[in-house]
Amino acid sequence: MELTLSLDHDAAMPLHRQVYAELRRSILTGRLLPGQRLPSTRSLSQSLGISRTTVTQGYEQLLSEGYLETRHGSGTFVCGQLPDTLLQTEAIDPIEPPKPSAIRLSQYAQSMAGNPLVLQTYPDAEISFRYGRPALQHFPIGLWRKLLSRHCNADPEWLDYALDAQGDMGLRTAIASYLGRARAVQCDPSQIVLTNGTQQGLDLILRVLIEPGDTIALEDPGYLSARKVFLSHQVNLLPIPVDESGLMVEYLTQLTTTGFPPVRLLSVTPSHQFPTGATLSLSRRLALLQWAQQTGAIIIEDDYDSEYRYGDKPIPALQGLDSSDSVIYMGTFSKVLFPSLRIGYLVLPPQLVPFVAQAKWLSDRQLPMLEQKVLADFIEAGHLESHIRKMRSHYDRRRQILVQALQQHFGTQVTILGEKAGIHVMVRFSLDRSGAEIMARSLQAGVGIVPASPCYLADGGDREFILGYGELEEGAIVEGIQRLAIALLTSRLFFGASLADKSNGS
């Protein structure tokens with residue numbers, strides 16, 4: 001057994017008393033547990049670099065006071081039953097612990113103190129319309145396991161350190177080919193830096209491009225976690241409203257041409273605006289690119305939920321329309337595969353690649369190599385696109401059921417936004433109830449819905465809610481909306497058995 005003790009050879013207290021005091025404190029504080037075996041006096045003296053006699057003297061004092069006991073042929077142990085009086089006694093001859101000094105925080109840490117981390121939580125409800133969760137039960141686990149086994153049984157190079165700060169070249173090649181086909185993104189593998197998700201991608205971009213006090217424009221409402229990352233870099237935020245056609249580019253242009261501080265970055269989710277679900281129109285995309293070229297601003301294109309569109313033909317990514325290296329394209333596999341995979345990517349203008357790659361290497365060195373190898377195979381063999389096609393049909397059915405249920409039960413008292421893409425919708429209730437009352441009554445009915453109001457930088461969204469449907473079975477969607485309608489449209493609540501059971505007379 002190894003045991004580390006803090007001894008001060010220059011202290012006035014003799015070393016054997018320091019050994020005694022340190023061991024006694026360890027016993028009383030629970031670091032050494034009753035019945036735990038201690039190292040022999042010989043081995044402890046060798047590890048501490050002191051004489052065996054010094055250790056023996058410390059042990060003997062603890063034995064005499066009942067803290068230790070010896071077992072013939074087995075060694076020295078912490079006494080199995082320590083008297084309560086010992087547990088209540090202050091340590092004799094304690095080594096005075098140093099008083100903690102005041103720690104000076106950086107500006108980055110101070111910004112976090114004023115911008116506390118709030119982890120995404122969802123209402124604890126029988127039927128939860130939480131968003132951002134794919135239908136994990138439909139993921140091809142058997143196929144993924146087979147690919148894992150193939151690489152585990154092959155050359156164990158995945159056990160070693162990675163040499164490429166941008167990530168595995170095989171995976172970057174597969175991603176570049178996929179993005180070219182599916183999203184008309186113009187890139188080659190050398191422009192891609194792999195990340196562990198959207199949050200790290202945003203943080204790396206800001207480390208490379210932003211100074212404290214710079215201005216970042218963002219959609220309002222928008223992605224709350226992205227806003228948290230921006231604020232941690234002590235920037236000024238410029239909220240830009242959105243409508244049914246996405247970011248209001250004309251509003252942005254007017255602001256930034258009338259003496260407003262220059263915008264260094266603009267964060268936008270053009271394919272499926274979060275949380276409203278609006279799609280940025282082609283005319284606005286072109287106008288936005290023209291604005292970026294004229295102002296020198298960089299656009300962060302988070303291609304959120306671009307894989308899942310229903311009925312409408314996908315509009316090419318902003319990056320694919322860009323001719324002036326004004327766009328950083330960002331994506332992740334959390335929604336299309338599974339959240340714990342933790343692999344995302346940045347497609348960067350060539351001149352930014354070495355700086356972002358170095359910042360990534362300094363941040364976390366590398367992503368798990370095995371998962372990168374497996375994902376590369378998954379994409380190259382066509383399994384990713386096959387899975388997306390399957391899930392698009394699956395989510396489309398659930399989307400239609402949700403929209404029909406909302407329209408059936410709420411009629412003109414609900415406005416449904418973003419129903420043509422993604423795996424959530426945003427709803428706006430026209431009810432004589434506050435957002436807080438809507439939340440409370442829905443929870444009483446056993447239905448969890450997520451308020452959209454935190455997504456607004458300015459005030460707004462009091463009666464707006466985000467309803468995710470990706471992981472819910474079709475029957476749960478129908479029952480959840482039925483319960484919600486009763487809770488919000490009637491004065492009394494009565495819930496016990498499911499409505500399906502009640503309708504069957506049970």
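Structure shown above.
Notes on the structure in this doc start here.

Cut-off values and rules
Residues numbered from 1 in each chain as written. Predicted model: local features only at pLDDT ≥ 70, side-chain atom pairs only at ≥ 80, totals over all residues. Heavy atoms only, no water. Helix = DSSP H or I, 4+ residues; strand = E, 2+ residues; numbered from the N terminus. Rg over C-alpha atoms; globule rule 2.2 N^0.38 Å. Contact = heavy atoms within 4.5 Å. Axes fitted to C-alpha atoms, helices over the stretch in contact; angles between N-to-C directions. Parallel < 35°, antiparallel > 145°, perpendicular 65-115°, else oblique. Left-handed = near helix turned anticlockwise from the far one by under 90°. Nonpolar A, V, L, I, M, F, W, Y, C, P; charged D, E, K, R; others polar. Buried < 20%, exposed > 50% of the residue type's maximum accessible area, 1.4 Å probe, protein only. 1 Å grid on protein atoms, 1.4 Å probe; cavity = no way out; pocket = protein on both sides within 12 Å on 5 of 7 lines; lining within 4 Å. Points joined across faces, edges and corners; volume = space filled by probe spheres on them. Salt bridge = Lys/Arg side-chain N within 4 Å of Asp/Glu carboxyl O. Pairing = 2+ DSSP bridges.

1. Describing the overall build of the protein chain
A tally of helices and strands in the protein chain yields 18 helices and 16 strands. Expected size for 506 residues packed as a compact globule is a radius of gyration near 23 Å; at 30 Å, the protein chain overshoots this value by more than 25%. Viewed in the frame of its principal axes, the protein chain has a C-alpha envelope of about 85 × 65 × 55 Å. Look at the contacts in the protein chain between residues 6 or more apart in sequence, and 72% of them connect residues 24 or more apart.

2. What to know about the packing of helix α10 (residues 249–256) against helix α11 (residues 282–295)
Axis separation between α10 and α11 bottoms out at 10 Å; the angle between their running directions is 20°. The angle between α10 and α11 places the two elements in the roughly parallel class. Relative to α11, the crossing made by α10 is left-handed. Two secondary-structure elements touch here, α10 through Val249, Leu252, Thr253 and Thr256 and α11 through Arg284, Ala287, Leu288 and Trp291. Residues that form the contact of α10 with α11 fall into these classes: 5 nonpolar, 2 polar and 1 charged.

3. Some points on the environment of isoleucine 205
Tracing the backbone shows isoleucine 205 in helix α8 (residues 198–209). Judged by its relative accessible area of 1%, isoleucine 205 is buried. Between the C-alpha atoms of isoleucine 205 and threonine 56, which are 149 residues apart in sequence, the distance is 59 Å. Among all residues touching isoleucine 205, those that are not within four sequence positions of it are Ile210, Leu265, Ile300, Ile328 and Leu346.

4. Things to note about the layout of surface pockets
The volume enclosed by the second largest pocket comes to roughly 400 Å³. Forming the walls of the second largest pocket are 21 residues, and the residues nearest its centre are Glu244, Gly277, Ala278, Thr279 and Gly418. At the level of elements, β6 (236–243), β12 (414–417) and β13 (424–429) are the ones that each hand at least two residues to the lining of the second largest pocket.

5. Brief notes about the pattern of salt bridges
All told, the structure shown has 23 salt bridges when counted by the stated rule. Taking the shortest distance from any N to any O, the salt bridge between arginine 207 and aspartate 203 comes out at 2.6 Å. Of the two residues, arginine 207 and aspartate 203 both sit in helix α8, 4 residues apart, roughly one turn of that helix. According to the relative accessible area criterion, aspartate 203 is buried, its value standing at 13%. Residues arginine 428 and glutamate 464 are paired through a salt bridge, measuring 2.7 Å at the closest nitrogen-oxygen approach.

6. So, the sheet that holds strand β16 (residues 464–468)
Sheet strands pair via backbone hydrogen bonds, and the direction of the pair is either parallel or antiparallel. Taken together, 4 strands build an open sheet; the order of strands is β12-β13-β16-β15 and the sheet is antiparallel. Strands with a single pairing partner mark the edges of an open sheet, and in this sheet they are β12 and β15 (450–451). In this structure, β13 lies alongside β16, joined through 5 bridges in antiparallel fashion. In the strand pairing of β16, histidine 424 is matched with glycine 468. Across the sheet, helix α15 (residues 383–410) lies against β12, β13 and β16, angled at about 165° from β12, the strand it touches most.

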